[in-house]
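Residues per chain, in single letters:
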Amino acid sequence: MKETNSYRKLLNLLKDKKATIGIIGMGYVGLPLAIAYAESEFKVLGIDIDMNKINKINTSVSYINHISSEKLRTLVNSNFLKATNNFKEVKELDAIILCLPTPLNKYREPDLSFITTTLNSIAPYLKKGQVLSLESTTYPGTTKEEIYPFIKNNGFNIGEDFFLVYSPEREDPGNNKFNTRNIPKVLGGLTSNCNKIGVALYEQVVNEVIEVKDTETAEMTKLLENIHRAVNIGLMNELKPLAEKMGVDLYQVIRAASTKPFGFVPYYPGPGLGGHCIPIDPFYLTWKAREYGMHTRFIELAGEINSSMPNYVVSQTSNALNKYGKPLKNSKVLILGISYKKNVDDIRESPSLDIINLLNKKEAKVEFCDPFFEYLPKTRKFNFNL
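Values in this document were obtained by computation on a predicted structure and should not be read as measured data.

Draft legend 1. Focus on the overall build of the protein. Along the protein, the regular secondary structure elements total twelve helices and ten strands. The C-alpha atoms of the protein give a radius of gyration of 23 Å, which matches the 21 Å a tight globule of 386 residues would have. Projected onto its principal axes, the C-alpha coordinates of the protein cover approximately 80 × 50 × 40 Å. Of all 386 residues assigned to the protein, the portion counted as buried reaches 51%. For the protein, contacts bridging at least 24 residues in sequence account for 72% of all contacts bridging at least 6.

And the structure:
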């Protein structure tokens, strides 16, 4: 594909760190990414519809536990980072990165409404010479089938005067070993020029960019990572009740198996899956597979097993109380930890919430303790009064 003036100009802006980077969605993915660019001395604009987040960023108050307010203050005071809810400012950007939620609806179908609503909001302010990168987890084909037609219908030629890539987020909140810079970045573009622009966009803030041939491959890569974990955790969750009935300590089994220096990766049973990735992402592929007349049986079975674990926990709690002649009803039950994993202030899809809901239905007296939460925030599924 020919190198146009728009291509050369944007490439030079990115390589010279003179590009203005806009990140839409200032959550657990968007804010760390914005900080990474600002620390690399790019001008960064964070865009979000949540005025609480906007005000906190602009006044250097962190709302994510593992990000310090001091770090925000340094970047805001040096004018490398600011935030707004005004989509008109998109016209001043050279790069637009979408870090938006992609949940499932009640039928386990992908909900792209956050993406489509945002695209409609920024459409009047797009211009030639910009690159748009989608980081939200989604099914293979989303970028080409949903975003590409939208951009094209707005009068742009992809790969010539506008550039489109997909690069899935790989954030792991609370992980002190891996961060935005040292986690390799997978990237696929709509054209070869898109790929080159995408590499120039990300190589400034990550140590290694992994190019794949197209956006579908990049989209599938993200799903494979999380399906791999969901299926293997599902296996451990299936083995846990069996091991108990056999009088075997499954954790000791896993530790022993982990001493094998090849061919085994340890996974552990738990009360269910939580977070914005593993409980949701595998079902994007399950949904897409139906289009090809196929059923992803491993994924669906793992989902059933993992979803059943809160019931298993409540059942075990009831059994333990029965040994002492106490019914679950009116018993005091303390839930230690309500976030979806340790050391994070994030309750998205947390199995603790499902366990609390089940205990409430059994009329247990439930309380919780978590250093990151003074009260239980409202979620899409639950609104507890504890």
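Draft legend 2. The arrangement of the state of the cysteines in detail. Summed over all chains, the structure comprises zero disulfides. Cys 194 forms no disulfide, and the closest cysteine sulfur to it belongs to Cys 99, at a distance of 18 Å.

Draft legend 3. Region of the structure containing the pattern of salt bridges. One pass over the structure, following the stated rule, counts 13 salt bridges. Between Glu 169 and Lys 222 there is a salt bridge, with its nearest N and O atoms 3.6 Å apart. Taken together, the positions of Glu 169 in the loop between strand 6 (162-166) and strand 7 (185-189) and Lys 222 in helix 8 (residues 215-245) put the pair 53 residues apart, joining distant regions of the chain. What makes Lys 222 buried here is its relative accessible area of 3%. With its nearest N and O atoms 2.7 Å apart, the salt bridge here joins Asp 346 to Arg 348.

Draft legend 4. Spotlight on helix 4 (residues 69-77). Those residues of helix 4 lying buried are Leu 72, Leu 75 and Val 76. In a view along the axis of helix 4, the buried residues occupy a sector of 100°, so they form one face of it. Within helix 4, the exposed residues directed more than 90 degrees away from the buried face are Glu 70, Thr 74 and Asn 77. Buried residues in helix 4 make contact with helix 2 (30-39), helix 3 (51-58) and strand 3 (81-84). Count one or two residues on from helix 4 and you reach Asn 79, which has phi positive near 65°.

Basis of the calculations
Residues numbered from 1 in each chain as written. Predicted model: local features only at pLDDT ≥ 70, side-chain atom pairs only at ≥ 80, totals over all residues. Heavy atoms only, no water. Helix = DSSP H or I, 4+ residues; strand = E, 2+ residues; numbered from the N terminus. Rg over C-alpha atoms; globule rule 2.2 N^0.38 Å. Buried < 20%, exposed > 50% of the residue type's maximum accessible area, 1.4 Å probe, protein only. Contact = heavy atoms within 4.5 Å. Disulfide = S-S within 2.5 Å. Salt bridge = Lys/Arg side-chain N within 4 Å of Asp/Glu carboxyl O. Arc of directions from axis to C-beta.

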